[in-house]
Amino acid sequence: MNFEPKDVFQKLEFDKVLELLRRECLTEMGVEIVENLQPSTDFGWIDRELWQISEFKLTLEKSDRFPIATFSDIRPALKLLDIEGYTLTAESFQQIVQILYITRDVFKYFGGQKKEIYPKLYELVRQMSFDDGLIKAINAIFTEKGEIRPDASTELMRIRRDIQGKIRELDNRFRQLVQEYRSKNMLSENPESFRNGRRVLSVPAEHKRKIKGIIHDESDSGRTVFIEPDAVVEINNDIFDLEMEERREIFKILKDLSDKIRPYSPTLRSYLEMLIKFDVISAKGRLAISMKASMPILREKPIINLRKAYHPLLYLKNKGQNRKTVPFDLRLHAENHILVLSGPNAGGKSVAMKSIGLLQLMVQSGMLVPVHDLSEMGIFHQIFADIGDQQSLDDDLSTYSSRLQNARIFLEKATPETLVLIDEMGSGTDPKPGGAIAEAVLQQLHRRGVFAVVTTHYSNLKVFAFRNTGILNGNMHFDKDTLSPTYELKVGRPGSSYAFEIAGKSGLPKHLIDFARKRTGSETAVDDILIELQAEKQELEEKLKSISEKERNLDRLVKTYDAMHGELDLKKKQLKLDQKEHELRQQSNTQREVEKLIKTLKEEKSVEKARAVADEIKASRASIVQKVDEIHADIQKIEQAAPDLSAKIEIGKHVRLRAGGATGKVVDISGKKAFVQMGDLTINVPLRDLLPAVEPTKTASWSNMADLDRAAGFESKLDIRGMMKDEAMMVIEKFVDDALMANASILRITHGKGNGTLRNLVKQKLREYRGSVGTFFHPEPKEGGDGVTVVELV
């Protein structure tokens, strides 16, 4: 991603956001990643990051503690472990087992339904496995305090047993010596001490020649000497030798343990990388909670559609001072891609502009932002910003020269995937040439389709925005009565600087203000007229938009009426046909009874009556057949006169079922069949059974789900709360069977949370439909969470 100039992070205060994020990290490895964090243009990476942080934020909001904690950097230890024969220290093993404990807890966290509740977080774990074997191997050597266990090896047990024996022997012998020399008044008040790791006697200097042994030290005053008696020297030597032997045995144990875990070095690295990733995600999640941040709808193409957006740093500052932060809305897209923002000084123009750039940097760095979750944010490949004092002492450039240099670079490099932010555009020189040059730059940015937000006081830029489609005027609302800013962003009309009003409020004499008004008369008049024109233009555009919408709705209704009228004629003919065919079937069903009657009449020698009955039946049947043929001919004429409607059925278009009249949207076509989305369900219908339809209007009195119920006779939702186990099993089985018969694709089973019995029952039953049931999962908490199971049928 390209930035111009290179200090964009500082200009937009993104460095301050990174500092807040750095403080939330639990480890130095997480801090290292945050310090090197850069905005990305990779849609997949950004989308994945935002989902993962959203899910972690949910764990915080639900107090569903995720088992991430501080841990040490074991990369240096693993690098040494890769060296054949190298032996790790006891401290390194403690750091490794710490990593293993946290990793084990993470795997346990996703052992139940959490993998379905937090699927994006689970993806970080899904490809890995965990075995307690390494923890057991290390715990077989170390205690919980990190000390070598006495039973780490048989030889170590023997050595420590011998050491304890020698220590007891030393205690007994030393006790005897103390009693002996104390009775002779040859010891100090505190008779025992340790010097050079040896147990010694504290002896007054005048008695040092009376006790045989090794003098290890003397006091600073020289009045006391510390003597190791000859009687315990050999015992101390034995203890020293045993302690050396103990150290050698411990080294051997650690070497064997190092050899044992060496093959698992890559696995330990993957565990560490996973935990570092979770550390950064948890830091972003906690920062999102403090900023009241959400996940916007991410788009691959550049777009800015912010709803209830805040400047994150301003929000945190105001929250600390118990002050309200005013949110703003802004929509920029390919058709309207530039905002010219005007208004009085200290009205919040620069803050609003910086907010847009900062939020964009945060999103493309995989961070949630303080906006409404229905906001849309796209991907920009370049962000250019000309903000604040641009004076350069190194290049001997004035502020205005530096601004011109930035403008040149922007025009050379800007594309439709660039976001340009310019504060006080055209300022820094004489207003007339400065405004003219600024207008020329704005014109070029407009022609190139660049996304831009510029702040200005220049009337010519406001007029330029008014005259050119694709550029919006905007202002920071100012309360005329109190002459104070409200910090509300209003898009659609320019703002006034309110210079004379503010000057009057500040106490400047009226005659001076009147003089200034006369001097600037025409310029301020243009500003006022422009504001009025913009207001009228906006009002007209809104009325035209409303009229166009009404015309579209009327057109839809007319088309719907025409289509339904033709369909009604056809249905009337089909209904008559069904009635006549039913009569024919009834006659066929009673044929045997008629034949019996004729036979009876013949036996009774009533031949004339029999012939009359037969002729009557024959005439009646001929009449019905004739009417059936006539209706068939009428239907054939209607169908032949109608165009080939199946050719007009396309993916994305709306259609209506011939039978039932249910409407839906075609999502796919395969051969002579179409997949039609109706409400929550998708059905498979032959093309010959479909008719083109217009998109239902808002005033239509029917709903897709109601139509689908009439057409398919199936409801895609089931509620089993309160049912007994056996009853629920039968109901679920019938429900899924009916769904498969109806070619349904999505089902929703409400079972409640409770103790999980019905939830587990649903899963158990769904597993019996292998090959028919694709996946099933719990929806978002606001849609029922783990009290609902959503089923996708194959």
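Before reading further, recall that the structure is shown in the block above.
*Asks:* Please clarify how the overall build of the protein should be interpreted in this entry.
*Replies:* Secondary structure summary: the protein contains 25 helices and 24 strands in total. Restricting to contacts in the protein with at least 6 residues of sequence separation, those with at least 24 account for 70%. On the protein, roughly 43700 Å² of surface is accessible, and the fraction owed to carbon and sulfur atoms is 51%.

*Asks:* Is there a simple way to think about a nonpolar patch on the surface in this case?
*Replies:* Side chains of L80, I83 and Y86 sit close together on the surface and give an oily, nonpolar patch of about 240 Å² of accessible area. Relative to the elements of secondary structure, I83 occurs in the loop between α5 (75-81) and α6 (90-109). Note on I83: relative accessible area 46%, which makes it partly exposed.

*Asks:* Explain helix α15 (residues 399-413) here, please?
*Replies:* For an α-helix, the turn length of 3.6 residues means that residues three or four places apart are oriented alike. The end-to-end C-alpha separation of α15 is 21 Å, in line with the 21 Å expected for 15 residues at 1.5 Å each. Inspection of α15 places Y400, S402, R403, N406, A407, I409, F410 and L411 among the buried residues, and these make up the whole buried set. Lining the buried residues of α15 we find β1 (2-4), β11 (382-386), β12 (418-422) and α16 (431-447).

*Asks:* What's the story with the packing of helix α4 (residues 43-61) against helix α8 (residues 119-126) in this structure? I'm lost.
*Replies:* Two quantities define a packed helix pair, namely the angle between the axes and the distance from one axis to the other. Contact geometry for α4 and α8: axes closest at 7 Å, N-to-C directions at 110°. As far as their axial angle goes, α8 and α4 are roughly perpendicular. Residues R48, W51, Q52, E55 and F56 of α4 form the contact with α8, whose participating residues are P119, K120, L121, E123 and L124. Residues belonging to the contact of α4 with α8 are distributed by class as follows: 5 nonpolar, 1 polar and 4 charged.

*Asks:* I'm lost on the sheet that holds strand β23 (residues 773-777) in this one. Help?
*Replies:* Sheet strands associate in pairs through backbone hydrogen bonding, adopting either a parallel or an antiparallel arrangement. The 4 strands are arranged β21-β22-β24-β23 in an open sheet whose pairing can be described as mixed. Two strands close off the open sheet at either side, each with one partner strand: β21 (717-719) and β23. Averaged over all adjacent pairs, the angle separating strand axes in this sheet is 20°, with direction ignored. Note that β21 and strand β22 (residues 746-750) share 3 bridges and pair parallel. Across the sheet, K717 pairs through a bridge with R748, a residue of β22. Lying over the sheet, helix α24 (residues 725-741) contacts β21, β22 and β24 (788-793), oriented at roughly 175° with respect to β21.

*Asks:* Even after reading the chapter, I still don't get the environment of K210, so can you show me in this structure?
*Replies:* Position of K210 relative to the elements: it lies in the loop between β3 (198-204) and β4 (213-218). Once the C-alpha coordinates of K210 and Y181 are considered, the two residues, 29 residues apart in sequence, prove to be 9.8 Å apart.

*Asks:* Can you walk me through the environment of Q94 in this structure?
*Replies:* Looking at the secondary structure, you find Q94 in helix α6. Taking the C-alpha atoms as reference, Q94 lies 8.5 Å from I138; in sequence the two are 44 residues apart. Here Q94 is in contact with F142 and G146, once residues within four sequence places are set aside.

*Asks:* Would you mind showing me how to read the sheet that holds strand β7 (residues 304-309) here?
*Replies:* The 4 strands are arranged β6-β10-β7-β8 in an open sheet whose pairing can be described as mixed. On the outer flanks of this sheet lie β6 (297-298) and β8 (328-332), each paired with one strand and no other. Taken together, the 2 bridges between β7 and strand β10 (residues 376-377) define a ladder with antiparallel strand orientation. Following the sheet pairing, N305 is matched in β10 by E376.

*Asks:* What is the right way to read the packing of aromatic side chains from this model?
*Replies:* Centre-to-centre distance and the angle between the planes together describe a pair of aromatic rings. The full count for this structure, using the stated rule, is 16 aromatic pairs. Ring centres of F130 and Y271 lie 5.6 Å apart, and the angle between their planes is 45°; this geometry places the pair in the tilted category. Pair noted here: F130 is in the loop between α8 and α9 (133-139) and Y271 is in helix α12 (residues 265-291), with a separation of 141 residues, a long-range link. An aromatic cluster of three or more residues is present, and its members are F56, F66, Y109, F110, Y118, Y122 and F278. Sitting over the ring of Y109, K114 keeps its end group 4.3 Å from the ring centre. When the ring centre of F174 is taken as origin, the NZ or CZ atom of R199, which lies over that ring, is 4.7 Å away.

Cut-offs and rules
- Residues numbered from 1 in each chain as written.
- Predicted model: local features only at pLDDT ≥ 70, side-chain atom pairs only at ≥ 80, totals over all residues.
- Heavy atoms only, no water.
- Helix = DSSP H or I, 4+ residues; strand = E, 2+ residues; numbered from the N terminus.
- Contact = heavy atoms within 4.5 Å.
- Areas by Shrake-Rupley, 256 points an atom, 1.4 Å probe, with all protein chains shown as cover.
- Patch = residues over 30% accessible without salt bridge, like charges linked within 9 Å, V, L, I, M, F, W, Y side chains within 5 Å.
- Salt bridge = Lys/Arg side-chain N within 4 Å of Asp/Glu carboxyl O.
- Buried < 20%, exposed > 50% of the residue type's maximum accessible area, 1.4 Å probe, protein only.
- Expected span 1.5 Å × (residues − 1).
- Axes fitted to C-alpha atoms, helices over the stretch in contact; angles between N-to-C directions.
- Parallel < 35°, antiparallel > 145°, perpendicular 65-115°, else oblique.
- Nonpolar A, V, L, I, M, F, W, Y, C, P; charged D, E, K, R; others polar.
- Pairing = 2+ DSSP bridges.
- Phe/Tyr/Trp six-rings, centres within 6.5 Å; stacked < 30°, edge-to-face > 60°.
- Lys NZ or Arg CZ within 6 Å of the ring centre and 35° of its normal.

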